[in-house]
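# Geometric and topological summary
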Amino acid sequence: FFIMLVLGAPSFLSHSPVGRALVSQAATRQGLSLSVDSVRVGWVTPLRLTGLQMNCLSEDDHVEIQQIDSTLTATDLMRGITSKLGQLSIRGVDIHCTMHQGRCSLEDDLHSLLGPSDPDTEPLAAKVSAQDISLTMTDAISTKTWQIAQSNAEIDVESESIKASF
């Protein structure tokens, strides 16, 4: 019975609200408000999140992502390998932010996610391929809006640096 329980744990996480709740709780520990529509993970099946919604510090700013595919499996997550994310494929990114004095709260939200939460934690490392990015940025004072749509990016996150090409 115990073996069946262990073997079925990833399936349980994938097909019940528990997986979505765990993702939300992990984001909360990083100071983020995040929800997902579904989580898929297995012992050999890599992690997939769909319907991700992140509300930023400012109510004006939010991010929606249709799908994130990772190389992390349930085995990696149980071993605590969460700082070395490997290859991430992100599709359908929709970002809305309002600029206040040259900054938006999304920058602060991402800083809390990308930076180590304590000195003993390894910094985040990943190679990210993002497709179909749209960005709507509004200036709070002038209310002028800038938009980018159907963009792609390759992002390399390593210890203290982030390099991106669009």
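The rules behind these values
- Residues numbered from 1 in each chain as written.
- Predicted model: local features only at pLDDT ≥ 70, side-chain atom pairs only at ≥ 80, totals over all residues.
- Heavy atoms only, no water.
- Helix = DSSP H or I, 4+ residues; strand = E, 2+ residues; numbered from the N terminus.
- Buried < 20%, exposed > 50% of the residue type's maximum accessible area, 1.4 Å probe, protein only.
- Contact = heavy atoms within 4.5 Å.
- Pairing = 2+ DSSP bridges.
- Expected span 1.5 Å × (residues − 1).
- Arc of directions from axis to C-beta.
- Salt bridge = Lys/Arg side-chain N within 4 Å of Asp/Glu carboxyl O.
- Polar contact = N/O pair within 3.5 Å; in protein donor to acceptor, adjacent residues only side chain to side chain.

Across its full length, the chain carries four helices and eight strands. Ordered by position in the sequence, the α and β elements of the chain form the string α-α-β-β-β-β-α-β-α-β-β-β. Split into buried and exposed, the 166 residues of the chain put 36% on the buried side. Within the chain, residue pairs in contact and separated by at least 24 positions form 52% of the contacts whose partners lie at least 6 positions apart.

Right, let's get into the pairing of strand E3 (residues 48-55). Bridge count for strand E1 (residues 33-35) against E3 is three bridges, and the pairing is antiparallel. Across the sheet, the residue bridging to Ser35 is Gln53, located in E3. Where strand E2 (residues 38-40) and E3 come together, three bridges link them in antiparallel fashion. Across the sheet, residue Val39 finds its bridge partner in E3, namely Leu49. The sheet contact formed by E3 and strand E4 (residues 62-70) spans seven bridges and is antiparallel. Its bridge partner lying in E4, Thr50 is registered against Gln67.

Examined bridge by bridge, E4 and strand E5 (residues 84-99) share eight bridges and lie antiparallel to one another. By the bridge assignment for E5, Gln67 is matched with Arg91. Note that E5 and strand E6 (residues 125-139) share 14 bridges and pair parallel. Residue pairing across strands places Ile90 opposite Ala130, the latter belonging to E6.

Moving on to helix H2 (residues 17-29). With 13 residues, H2 ought to run about 18 Å at 1.5 Å a step, and its terminal C-alpha atoms sit 19 Å apart, in line with that. For H2, the full list of buried residues reads Gly19, Val23 and Ala27. Looking straight down H2, one finds its buried side chains confined to an arc of 75 degrees; they lie on one side. Among the exposed residues of H2, those pointing more than 90 degrees away from its buried face are Pro17, Thr28 and Arg29. The positive-phi residue at the C-terminal boundary of H2 is Gly31, with phi of around 85 degrees.

Before going further, it helps to examine the environment of Gln30. Within the element layout of this structure, Gln30 appears in the loop between H2 and E1. Since its relative accessible area comes to 26%, Gln30 is described here as partly exposed. A C-alpha to C-alpha distance of 9.5 Å links Gln30 and Leu110, two positions 80 residues apart in sequence.

Here we come to the pattern of salt bridges. By the definition in use, this model includes four salt bridges. Between Arg91 and Asp69 there is a salt bridge whose closest N-O contact spans 2.6 Å. Here Arg91, found in strand E5, pairs with Asp69, found in strand E4; they are 22 residues apart in sequence, far enough to count as distant. Overall, the relative accessible area of 31% leaves Arg91 in the partly exposed class. Across the salt bridge formed by Lys127 and Asp156, the nearest N and O atoms sit 3.1 Å from each other. Taken together, the residues Lys127 in strand E6 and Asp156 in strand E7 (residues 145-158) connect sequence positions 29 residues apart. Residues joined in a network through salt bridges with shared partners are Arg48, Asp69 and Arg91.

What follows deals with the environment of Arg40. Tracing the chain through its elements places Arg40 in strand E2. Setting aside anything within four residues of it in sequence, one finds Arg40 in contact with Ser14, Thr45, Pro46, Leu47, Arg48 and Asp69. Among the polar contacts listed, one links the side chain of Arg40 to the backbone oxygen of Pro46, at a separation of 3.2 Å.

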